[in-house]
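Now for the letters of each chain:
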Amino acid sequence: MSPTLTTHAVVNPATEETVRTIDLVGVEETDAAIAKAVEVGPAWRGIAPADRGRLLRRFGQVVDEHLEELAQLEVTNAGHTIGNARWEAGNVRDVLTYYSAAPERLFGRQIPVAGGLDVTFKEPLGVVSVIVPWNFPMPIAGWGFAPALAAGNTVVLKPAELTPLTAIRLGDLALEAGLPEGVFTVLAGKGSVVGERFVTHPDVRKVCFTGSTAVGQGIMRKAADSLKRITLELGGKSANIVFDDADVAAAAAAAPMSFLDNAGQDCCARSRILVQRNVFDAFMEQFEAALQAVRVGDPGDESTEMGPLVSSGQRDTVRGYVDESDEPVDVAFRGSAPEGKGWWYPPTVVLPKSTGDKVWREEIFGPVVAVLPFDDEADAIAKANDTAYGLSGSIWTKDLGRGIRVARGVEAGNLSVNSHSSVRYSTPFGGFKASGIGRELGPDALDAFTETKNVFFNTND
Ligand code: NAD
């Protein structure tokens, strides 16, 4: 094996201190890991379903035993609040536990046909690659590797350059739980090296990618060469629609954390708010009070609700949309953020002039929300859908019929009425339009990690 090509200094976003320097693997190490995943594949898929389930359950238990360690690692590496980071490590445990039941429930069908018995099998694909972004390093890794492993695939996983530490640790914990070596391998490396190799390597049968729309499009183009299966979970610019018949106070109170969670670096962030014109002023007044109360600061403090951005580059991107934009941006109000070391940016509410403004159209991926009024139900749906994206969204109304009509009318994969919930491991998650292709999580997740095989048995003499 060749020596590693480069190193990467992992930096704490709240203090700008280097936490650890890690080796980045190159193409040769990637090829060796894929070869190992191919080699151990038959043994892994040959393990009895109940035993494969037991191993995944054990993996979940080991994650649980290291929950605090993993959470602290994410606070340090990604600047996540400790409350969020504990939830994220717990989510890996829960997703492993949920899919540990799947090997014994990987049902095919028996289809009535003439002259014999027809059955279908769900066969594993082989080697599955998972490419993870920096915003939710643990959960997004788990949503890929847990169902992929449950279906009998072997997995190679690449964390984002900025946030490799929890994924590397999860790779160790898999071995500690008893997963055979090579079944699940974490490769910290560059997207242009390891990620690209996952897409071009002939033995990798699927790329499960979460990240930006532009990189996802490139992966889709390259995957066509070998007809690789793909799942793409991409960007978002989700709408939070507040009708005049809603509990406006509740909608205003919930609005800040719908786009400030993870400092706005959330593909499901409700980064566009649409408020019915006759309650606009009342909403904004209560929204401002709620936003000013959000606690921004040390992510390790239990009471903190929002931490720093992940990198100076990400903060530059956010500033480029607001403070240093080539378009004039009308800031309605802001919250507070610490001064000094750390990549802080205050919660910020902007008022675009029209739906054509960049702050309204583009994914900023920071603690910035744009607010516009609308006139009626049809206008709300039209404005919500006037976007390239379609990942998530919320509807606030007390009118049940309206809640159903608007939920059906908004072109997005994950909607909630009178709440901002998006992701539960037991329900499907994914995007319409430029937000992606395919679904993760939920009861059908293994469909994305298996091929259906139909077999006819002749029962005639
Ligand atoms: P990114 O696209 O820059 O990187 C994502 C991953 O892809 C990283 O691991 C990166 O190293 C790798 N990569 C980069 N170039 C590659 C290439 N040419 N081939 C293969 N892999 C490559 O995204 P990011 O900046 O890390 O994450 C932010 C983006 O992710 C946002 O747009 C956000 O909306 C999106 N996101 C989507 C979801 C979802 O579920 N829909 C969830 C989280 C984040």
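Residues numbered from 1 in each chain as written. Predicted model: local features only at pLDDT ≥ 70, side-chain atom pairs only at ≥ 80, totals over all residues. Heavy atoms only, no water.

1. As for the overall build of the chain
Each helix and strand in the chain was counted, giving 14 helices and 18 strands. Relative to the 2.2 N^0.38 estimate, which gives 23 Å for 461 residues, the radius of gyration of the chain is 23 Å and therefore close to what a compact globule would have. Overall, the C-alpha framework of the chain stretches about 75 × 60 × 40 Å when taken along its three principal axes. Every one of the 461 residues in the chain was classed for burial, and the buried ones make up 55%. Pairs at least 24 apart in sequence give 73% of the contacts found in the chain among residues at least 6 apart. Accessible area of the chain: about 18500 Å², with a carbon and sulfur share of 52%. (Helix = DSSP H or I, 4+ residues; strand = E, 2+ residues; numbered from the N terminus. Rg over C-alpha atoms; globule rule 2.2 N^0.38 Å. Buried < 20%, exposed > 50% of the residue type's maximum accessible area, 1.4 Å probe, protein only. Contact = heavy atoms within 4.5 Å. Areas by Shrake-Rupley, 256 points an atom, 1.4 Å probe, with all protein chains shown as cover.)

2. A few points about helix 5 (residues 137-150)
For helix 5, with 14 residues, the first-to-last C-alpha span of 20 Å sits near the 20 Å given by 1.5 Å per residue. Most of helix 5 is tucked away: 14 of the 14 residues are buried. (Expected span 1.5 Å × (residues − 1).)

3. Concerning the sheet that holds strand 3 (residues 110-113)
One open sheet accounts for three strands, arranged 3-4-18; its pairing is antiparallel. At either margin of the open sheet sits one strand with a lone partner, and together these are strand 3 and strand 18 (450-458). Direction aside, the axes of adjacent strands within the sheet are offset by 25 degrees on average. (Pairing = 2+ DSSP bridges. Axes fitted to C-alpha atoms, helices over the stretch in contact; angles between N-to-C directions.)

4. Focus on the state of the cysteines
Tallying each qualifying case throughout the model produces zero disulfides. Cysteine 267 provides the cysteine sulfur closest to cysteine 268, a residue in no disulfide bond, and the two sulfurs are 4.2 Å apart. (Disulfide = S-S within 2.5 Å.)

5. A look at the pattern of salt bridges
Applying the stated criterion across every chain, the model contains 26 salt bridges. Residue arginine 93 pairs with aspartate 94 through a salt bridge whose shortest N-O separation is 2.9 Å. Note on aspartate 94: relative accessible area 25%, which makes it partly exposed. Between lysine 122 and aspartate 447 there is a salt bridge, and its shortest N-O distance comes to 2.8 Å. With a gap of 325 residues between them, lysine 122 in strand 4 (residues 116-124) and aspartate 447 in the loop between strand 17 (436-437) and strand 18 connect regions that are remote in the sequence. Residue aspartate 447 is classed as partly exposed on the basis of its relative accessible area of 42%. In this structure, a network of salt bridges that share partners links the residues Asp245, Glu377, Arg402 and Arg405. (Salt bridge = Lys/Arg side-chain N within 4 Å of Asp/Glu carboxyl O.)

6. A look at the packing of aromatic side chains
Using the criterion set out here, one finds eleven aromatic pairs in the structure. Between the NZ or CZ atom of lysine 206 and the centre of the ring of phenylalanine 449, over which it lies, the distance is 5.0 Å. (Phe/Tyr/Trp six-rings, centres within 6.5 Å; stacked < 30°, edge-to-face > 60°. Lys NZ or Arg CZ within 6 Å of the ring centre and 35° of its normal.)

7. Quick notes on unusual backbone geometry
For residues besides glycine, phi is generally negative; the peptide bonds are generally trans as well. Notably, asparagine 262 is not glycine yet its phi reads approximately 55 degrees, a positive angle. Residue position: asparagine 262 is located in the loop between helix 9 (248-260) and strand 11 (272-276). Assessed through its relative accessible area of 7%, asparagine 262 is described here as buried. Positive phi, close to 60 degrees, is recorded for phenylalanine 365, a residue that is not glycine. Position of phenylalanine 365 among the secondary structure elements: in the loop between helix 12 (358-361) and strand 14 (368-374).

8. Focus on the pairing of strand 14
Of all seven residues making up strand 14, six are buried, and the element is well covered by its neighbours. When strand 11 meets strand 14, the two strands line up parallel, connected through five bridges. Looking at the pairing, arginine 272 lines up with alanine 370 of strand 14. Across three bridges, the pairing between strand 13 (residues 348-350) and strand 14 is parallel.

9. Notes on the domain arrangement of the chain
In terms of domain boundaries, the chain breaks down into domain 1 (6-234 + 434-458) and domain 2 (239-423). Opposite the 26 residues of domain 1 that make contact, domain 2 presents 29 residues. The interface formed by domain 1 and domain 2 holds one salt bridge in total. For arginine 86, the salt bridge goes to glutamate 302, with nearest N and O atoms at 3.1 Å. Counting across the interface, domain 1 meets domain 2 through eleven residue pairs in polar contact (both at pLDDT 80 or more). For the side of domain 1 that touches domain 2, the secondary-structure elements that each account for two or more residues are helix 3 (67-78) and helix 4 (82-100). (Domains from an automatic or database assignment. Polar contact = N/O pair within 3.5 Å; in protein donor to acceptor, adjacent residues only side chain to side chain.)

10. Brief notes about the sheet that holds strand 15 (residues 392-396)
With respect to topology, seven strands assemble into an open sheet ordered 12-13-14-11-10-15-16, the strand pairing being mixed. One side of each edge strand has no neighbouring strand; the edge strands of this open sheet are strand 12 (331-334) and strand 16 (414-417). Each strand axis lies, on average, 20 degrees off the axis of its neighbour in the sheet, ignoring direction.

11. A short note on helix 11 (residues 312-321)
Of the residues making up helix 11, those classed as buried are Gln314, Arg315, Val318 and Tyr321. Projection of helix 11 onto a plane perpendicular to its axis shows the buried side chains occupying an angular sector of 120 degrees, all on one side. (Arc of directions from axis to C-beta.)

12. A closer look at the site of the ligand
In the region of the ligand, 27 residues are neighbours, and Val132, Glu161, Ser212, Leu234 and Glu363 sit closest. The contact in question runs from an oxygen atom of the ligand to an N or O atom on the backbone of valine 132, over 2.7 Å. Across the complex, the protein chains shield 87% of the 840 Å² of accessible surface that the ligand would expose by itself. Those elements that provide at least two residues to the shell around the ligand are helix 7 (191-200), strand 8 (204-210) and helix 8 (213-223). For the shell around the ligand, the element with the highest residue contribution is helix 7, accounting for three residues. Classifying every residue of the shell around the ligand gives 15 nonpolar, seven polar and five charged. Residue contributions to the shell around the ligand reach at least three from each of two domains, namely domain 1 (6-234 + 434-458) and domain 2 (239-423). (Near = heavy atom within 4 Å. Nonpolar A, V, L, I, M, F, W, Y, C, P; charged D, E, K, R; others polar.)

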